[in-house]
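Read off the chains here:
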Amino acid sequence: MLRAIPEASQTPSPPGREALARKVWIDMIEPTDAERAAFEAAFSLRVPSKAEIGEIEATSRLQLVDGTLYMTAPLIFAGENEPWFPTPTGFVLSQRVLLTVRFSPSAAFDAASKECAAEAKLEPATVFASLLEAESRHLDDASHSIFRPDHEKLSRETAMLRQLMIRTGRTSERMARIHYTLVCLERIAKFAAERARDWLPQDVPPRLQAVSSDVASLVQFSEGLVSRVQLLQDAATGIINIDQNVVMKVLTVASVVGIPPVLIAGIYGMNFKNIHEYDWAWGYQWGLALIVISAIIPFIWFKWKDWI
């Protein structure tokens, strides 16, 4: 799908070549071959493929070709229930047009589109700065919503700890994705401000510098959240280990306390004729008393050692 700004209209097929050439921002969502060909014919610029946008090398993500900036970054996918999946997004910025190529919906792009549609006069670099600002705000909201309080009530401590470990694991993964996206955005903002300074409008470099500074602050904030998540994981793991040690301690004490009574019961259960206690009038009570005493003595010793 191709979306052309400033009309901000979405059409299933690309507009005519002359009409397309007058656009400031071309937003392609999973572009078809026909849409790629129409853009390349109108602007004589290459549309990066999905494989090129997905490259992870820094030299592949940031390129300057004949005065045109080719940039890519993994932006956070804005889903309804799980807005934490980064999707590769391409930016092609020239003096005539800004091209964005993406393969998933984005709340930041929708917000920037509404802002640009309300502007009377647009330039490609201005739209690019607005996109980075919108994405920065989106990531800021995502970062702060990581530790949003959850009011679920869990009746068992084991279930609570298990749920805590699952949540902290997911949170750690989300923060890693957000941190990576922030780093890429900071690189894009600096690259565009440095390499296109000669033809950027006067108000755009300060905006890009502000975006870079804001993103750097968000990077520090995300690193703090990552440390906090790691602390939660370590604390939950420690509590689980302590609970397991308590269980093992109880089982150990129970087994040690139970060994002497079992031994005594086994001796008097051998049924040999020369066991003298069989002929005693109080032999049964004697055996029970020995069993109880042999269990109490180890228990008292454990209490004295403060092991239970």
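The structure presented is a predicted model; accordingly, all values stated were derived computationally and were not measured.

Comments concerning the environment of Pro260
Line of reasoning, step 1. With respect to the helices and strands, Pro260 occurs in helix H8 (residues 204–268).
Line of reasoning, step 2. Among the residues examined, Pro260 registers a relative accessible area of 23% and is labelled partly exposed.
Line of reasoning, step 3. A sequence separation of 30 residues divides Pro260 from Leu290, and the C-alpha atoms of the two residues are 9.2 Å apart.
Line of reasoning, step 4. Dropping the residues within four chain positions of it, Pro260 is found in contact with Ser294 and Pro298.

Thoughts on unusual backbone geometry
Line of reasoning, step 1. Notably, Ser44 is not glycine yet its phi reads approximately 55°, a positive angle.
Line of reasoning, step 2. Phi is positive for Asp66, close to 55°, though the residue is something other than glycine.
Line of reasoning, step 3. Following the sequence through the fold, Asp66 ends up in the loop between strand S4 (62–65) and strand S5 (68–77).

Digging into the pattern of salt bridges
Line of reasoning, step 1. Enumeration according to the criterion identifies five salt bridges in this entry.
Line of reasoning, step 2. When the shortest N-O distance is used, the salt bridge between Glu115 and Arg137 registers 3.0 Å. On the criterion of sequence distance, the pair formed by Glu115 in helix H5 (residues 107–117) and Arg137 in helix H6 (residues 124–144) is long-range, its members being 22 residues apart.
Line of reasoning, step 3. On the basis of relative accessibility, which here comes to 35%, the residue Glu115 falls in the partly exposed class.
Line of reasoning, step 4. You can call Arg137 partly exposed: its relative accessible area is 41%.
Line of reasoning, step 5. Note that Glu186 and Lys190 form a salt bridge whose closest N and O atoms lie 3.4 Å from each other. Of this pair, Glu186 and Lys190 both sit in helix H7 (residues 157–195), separated by four residues, roughly a single helical turn.
Line of reasoning, step 6. Of the residues examined, Glu186 reaches a relative accessible area of 17% and is grouped as buried.
Line of reasoning, step 7. A residue is classified by how much of its surface remains accessible, and Lys190, at 41% relative accessible area, is partly exposed.

Describing the packing of aromatic side chains
Line of reasoning, step 1. The tally for this structure, following the rule as stated, stands at six aromatic pairs.
Line of reasoning, step 2. Centroid distance Trp25 to Phe109: 6.2 Å. Interplanar angle 50°. Geometry classified as tilted. Within this pair, whereas Trp25 is found in strand S3 (residues 25–29), its partner Phe109 is found in helix H5, the two being separated by 84 residues in sequence.
Line of reasoning, step 3. A residue is classified by how much of its surface remains accessible, and Trp25, at 0% relative accessible area, is buried.
Line of reasoning, step 4. Phe109 gets classed as buried once you look at its relative accessible area, which sits at 2%.
Line of reasoning, step 5. Pairwise contacts between aromatic rings join Trp25, Phe91, Phe109 and Phe128 into one cluster.
Line of reasoning, step 6. Lying across the ring of Tyr70, Arg46 places its NZ or CZ 4.9 Å from the centre.

Cut-offs applied
- Residues numbered from 1 in each chain as written.
- Predicted model: local features only at pLDDT ≥ 70, side-chain atom pairs only at ≥ 80, totals over all residues.
- Heavy atoms only, no water.
- Helix = DSSP H or I, 4+ residues; strand = E, 2+ residues; numbered from the N terminus.
- Buried < 20%, exposed > 50% of the residue type's maximum accessible area, 1.4 Å probe, protein only.
- Contact = heavy atoms within 4.5 Å.
- Salt bridge = Lys/Arg side-chain N within 4 Å of Asp/Glu carboxyl O.
- Phe/Tyr/Trp six-rings, centres within 6.5 Å; stacked < 30°, edge-to-face > 60°.
- Lys NZ or Arg CZ within 6 Å of the ring centre and 35° of its normal.

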